[in-house]
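Report on the structure
Letter by letter, the chains look like this.
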Amino acid sequence: MSTIDLAVSPNDLRALAEQSNAWPFEQAKAIVARLKKSPKDEVLFATGYGPSGLPHIGTFGEVARTTMVRHAFRVLTEDKIKTRLIAFSDDMDGFRKVPDNLPNKEMLTEHLGRPLTRVPDPFGTHSSLGAHNNARLRAFLDTFGFEYEFASSTDYYTSGKFDATLRLVLERIEKVMAVMLPSLREERAASYSPFLPICPRTGVVLYVPIVAHDVKAGTISYDDPETKERVTLPVTGGHCKLQWKPDWAMRWVALGIDYEMAGKDLIDSVKLSGKICTALGGLPPEGFNYELFLDDKGQKISKSKGNGLTIDEWLRYASPESLSLFMYREPKSAKRLYFDVIPRAVDDYQQFLEGFSRQDPKQQLANPVWHIHAGHPPAADMPVTFQLLLTLVSSSNAENAATLWGFIGRYRPGVTPQTHPKLDAMVGYAINYYRDFVAPTKKFREPTDTERVALQDLRDALSQLPPESSAEDIQNVVYEIGRREPFLDAVKKGKDGRPGVSLDWFNMLYQVLLGQEKGPRFGSFVAVYGLANAVTMIDGALARSG
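Conventions and cut-offs
- Per-chain numbering applies: the sequence of each chain, read as written, is numbered from 1 onward.
- The model is predicted, so local features are restricted to residues of pLDDT at least 70 and side-chain atom pairs to those at 80 or more, both for listing and for counting; the totals for chains, interfaces and linings are taken over all residues.
- Calculation of side-chain values draws on the structure's entire complement of heavy atoms; hydrogens and water are dropped beforehand.
- Strands here mean DSSP runs of E at least two residues long; helices mean DSSP runs of H or I at least four residues long; both are numbered from the N terminus.
- The rule is simple: take the accessible area with a 1.4 Å probe, protein chains only, and divide by the maximum for that residue type; under 20% is buried, over 50% is exposed, in between is partly exposed.
- Helix axes are fitted to C-alpha atoms over the stretch in contact, other axes to C-alpha atoms as well, and angles between N-to-C directions run from 0 to 180 degrees.
- For this classification, under 35 degrees means roughly parallel, over 145 means roughly antiparallel, 65 to 115 means roughly perpendicular, and everything else is oblique.
- In this scheme the handedness of a crossing depends on how the near helix is turned from the far one: anticlockwise by less than a right angle means left-handed, clockwise means right-handed.
- We call two residues in contact whenever any of their non-hydrogen atoms come within 4.5 Å of each other.
- Lys, Arg, Asp and Glu make up the charged group, whereas Ala, Val, Leu, Ile, Met, Phe, Trp, Tyr, Cys and Pro make up the nonpolar group; the residues left over, Gly among them, are polar.
- Classification of ring pairs uses Phe, Tyr and Trp, with its six-membered ring standing for Trp, and accepts pairs whose centres are within 6.5 Å; under 30 degrees between planes counts as stacked, over 60 as edge-to-face, and the remaining range as tilted.
- Whether two strands pair comes down to DSSP finding at least two bridges between them.
- When two cysteine sulfur atoms are found within 2.5 Å, that pair is recorded as a disulfide.
- In this description, a nonpolar core means a group of buried Ala, Val, Leu, Ile, Met, Phe, Trp, Tyr and Cys residues linked to one another through side-chain atoms lying within 4.5 Å.
- By construction, the arc corresponds to the directions joining the helix axis to the C-beta atoms.
- What qualifies as a polar contact is a pair of N or O atoms within 3.5 Å, subject to a donor-acceptor requirement within protein and to the restriction that residues adjacent in sequence count only when both atoms come from side chains.

Summing up its helical and strand segments, the chain has 24 helices and 14 strands in all. Along the first, second and third principal axes, the C-alpha atoms of the chain reach 95 × 60 × 45 Å. A burial count over the chain gives 52% of its 546 residues as buried.

See below:
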């Protein structure tokens, strides 16, 4: 696959990047400024994942966006500073509740409170629920080709990688408490401790008061809530874990994390963890708080609820690149993440890709596809839009790709599944999307008497056009036929100065002829579908309503 590269030197590219206000560059500039104050030979980017539920698109979004910032940083530094991206899984967290979208709920209920890596896998494929969900996340990230290092909280705690920093937390426990206590309710503050012992008897993560701690020995003591026995455990070696805000800060310090973004709902948590990080002698990472994704009802997407879109669902209906574009755009604005956003995301991606080669280098750095493809976007070669494919499926009730390729091959001779594999994939996406979302809601409306007359006129005009008429020629005819009441638009003037045509005319065509609210440019649709087929379609609509 050919790619389009910027015809500039690394030095010139850096200069352009320094002037760019694309958000990945703005974030990367903050890291560059950080290094000037605190030089390092290596910059670490991190993302966090709580594997209590199956991974959702928001998890992918965090990795995708962080990857874009990482690439922007490499451009700004001309790739002279080593970078790494750590995808960290908090799989040692206690299993608090059984998500709605997991099987074997009764079995899982028996293991509530235990670290996720000690909860059996309800799917029976991995050593634990945590391991299963980690594998699901990694498999998906790998399909996108992300460059990352996976890290497990359980592995880091039990292997001793966190031991030195855990001892530091114990040594400075008063400072950590001074940060945390003002943020807690009085009742919780009375028994709060940053350390959560893992009960040797039950394996449960205990939220209990710590009655004593020994900095020199590196231990904490608590009273077993059931046996009342005094238990002393080392804070190292996986015998304890930290409450999540101190845990986050400890991870930043232990690994030397320089950049990590988080959702808007964690703004206060980021601030508290940053203060704890400072108390431990570390420098809190750079980052920003992105807005949350919402489902079709405007509710926050939740792993436990399983609402919104899953990763696999998006990829059933659209390309990975379209999902990356959705993540790139306006990360600080809340967006609905549901099925109806997919067609626009697909076609917007193609528009950005098609425009890239016509832009100058400065404009290219502001084009989302440059960031989506790490500076090497592929050459655009998509003869039809996704919306047009959907309309073709709808008009022909196509149940297989061969039918659609028949239309495409006639419209664009020489274009085949072999010459255009990405288009072939998009044909499959369109068929899936039509079957699952368009067909069940398809509803034809009756034309009014005025609309019937207009449709008859359109039918007659189209039937008189030469079969090889271009999409533009057809569109001009459709536009001219629609230039009548009630479709006139006095505000939008035509090229000849006469009143324009409102969208109501084109919407009517799709509602009456195809049973859908909107569609692509009608002239383009007819050019692909065929003039004779379009005339037959209008005849059918007139007969239904007659």
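Packing of helix 17 (residues 386-396) against helix 19 (residues 421-438) leaves a shortest axis separation of 9 Å and a crossing angle of 55°. Taken as axis vectors, helix 17 and helix 19 run oblique relative to one another. Between helix 17 and helix 19 the crossing geometry is right-handed. Residues Phe386, Leu389, Leu390, Val393 and Ser394 of helix 17 touch helix 19, and the partners they reach there are Leu423, Met426, Val427, Tyr429, Ala430, Ile431, Tyr433, Tyr434 and Val438. Taken together, the residues of the contact of helix 17 with helix 19 break down into 13 nonpolar, one polar and no charged.

Take the side chain of Glu260 next. Its location among the elements puts Glu260 in the loop between helix 10 (244-255) and strand 9 (262-263). Sequence-distant contacts of Glu260, that is, excluding residues within four places in its chain, are made with Ala46, Thr47, Gly48, Trp248, Arg251, Trp252, Pro285, Glu286 and Gly287.

What the rule picks out here adds up to 28 aromatic pairs. For the pair Trp314 and Phe326, a centre-to-centre distance of 5.6 Å together with 55° between the ring planes defines the contact as tilted. A residue pair is termed long-range when its members are at least 10 positions apart, and Trp314 in helix 12 (residues 311-317) and Phe326 in helix 13 (residues 320-328) qualify at twelve residues. Given a relative accessible area of 0%, Trp314 falls into the buried group. Look at Tyr338 and Phe339: their rings are 4.8 Å apart centre to centre, the planes differ by 70°, and that puts the pair in the edge-to-face class. Accessibility expressed as a relative area gives 23% for Tyr338, which makes it partly exposed.

Burial of strand 7 (residues 230-234) is one-sided: the residues Val231 and Leu233 facing one way are buried, the residues Arg230, Thr232 and Pro234 facing the other way are not. Bridge count between strand 6 (residues 219-223) and strand 7: five bridges; the pairing is antiparallel. Paired with Asp223 across the two strands is Arg230, which belongs to strand 7. Hairpin connection, strand 6 to strand 7: the antiparallel pair is bridged by six residues, and Lys228 has positive phi, about 65°.

Overall, parallel pairing links the three strands, which are arranged 1-2-3 in an open sheet. Taken across any chain shown, the strands that pair with only one partner, and hence form the sheet edges, are strand 1 (42-49) and strand 3 (149-152). On average, adjacent strands in this sheet sit at an angle of 30° to one another, irrespective of strand direction. Here four bridges tie strand 2 (residues 82-89) to strand 3, and the two strands are oriented parallel to one another. Bridge assignment links Ser89 to a residue of strand 3, and that residue is Ser152. Across the face of the sheet, helix 3 (residues 57-76) comes into contact with strand 1 and strand 2 while running at roughly 170° to strand 1. Relative to strand 1, helix 5 (residues 129-143) is tilted by about 125°, and along the sheet it contacts strand 1, strand 2 and strand 3.

Attention now goes to the state of the cysteines. For the structure shown, the criterion picks out zero disulfides. Note on Cys199: no disulfide assigned, nearest cysteine sulfur contributed by Cys240 at a separation of 11 Å. For Cys240, a relative accessible area of 1% gives the class buried.

The subject of this paragraph is the nonpolar core. Among soluble globular proteins, nonpolar side chains are generally buried collectively. Judged by nonpolar contacts, the single largest core of 116 residues is most densely connected at Trp314, Leu462, Trp505, Leu509, Leu513, Phe522 and Phe525. The element best represented in this core is helix 3, accounting for ten residues. If we ignore the near neighbours within four places in the chain, the residues touching Phe522 are Leu458, Gln475, Val478, Phe506, Leu509, Tyr510 and Leu513.

Assignment of secondary structure puts Ser322 in helix 13. You can call Ser322 buried: its relative accessible area is 0%.

Attention shifts here to the sheet that holds strand 6. Here we have three strands laid out as an open sheet, ordered 5-6-7, and antiparallel in their pairing. The open sheet is flanked by strand 5 (212-214) and strand 7, the only strands paired with a single partner. With direction set aside, neighbouring strand axes in the sheet form an average angle of 20°.

Here the focus is unusual backbone geometry. In this structure, Pro486 follows Glu485 across a cis peptide bond, with omega equal to 5°. One non-glycine residue, Asn104, lies in positive phi territory at about 50°. Considering the arrangement of structural elements, one finds Asn104 in the loop between strand 2 and helix 4 (105-109). A relative accessible area of 43% places Asn104 in the partly exposed class.

The next subject is helix 8 (residues 173-180). Three or four residues apart is the spacing at which side chains of an α-helix point the same way, because the helix has 3.6 residues per turn. All of the buried residues along helix 8 are Ile173, Val176, Met177, Val179 and Met180. Across the axial projection of helix 8, the buried residues extend over an arc of 160°, all falling on one side. In this structure, helix 8 carries Glu174 and Ala178 as exposed residues pointing more than 90 degrees from its buried face. Buried residues along helix 8 sit in contact with helix 7 (163-171), strand 4 (195-197), strand 5, helix 10 and helix 11 (267-279).

Interhelical geometry of helix 23 (residues 522-529) versus helix 24 (residues 531-545) gives an angle of 110° and a closest axis separation of 6 Å. It follows from the interaxial angle that helix 23 and helix 24 lie roughly perpendicular. In this structure, helix 23 contributes Phe525, Val526 and Tyr529 to the contact, and helix 24 contributes Leu531, Asn533, Ala534 and Met537. For the contact of helix 23 with helix 24, the class distribution of residues is six nonpolar, one polar and no charged.

Next up on the list: helix 18 (residues 401-411). Burial in helix 18 covers these residues: Leu404, Trp405, Phe407 and Ile408. Viewed end-on, helix 18 has its buried residues packed into an arc of 155°, placing them on one side of the element. Taken together, the buried residues of helix 18 touch helix 17, helix 19, helix 23 and helix 24. One side-chain oxygen at the N-terminal end of helix 18 lies 3.2 Å from the backbone nitrogen of Ala402; it belongs to Asn400.

Keep in mind these numbers describe shape, not what the thing actually does.
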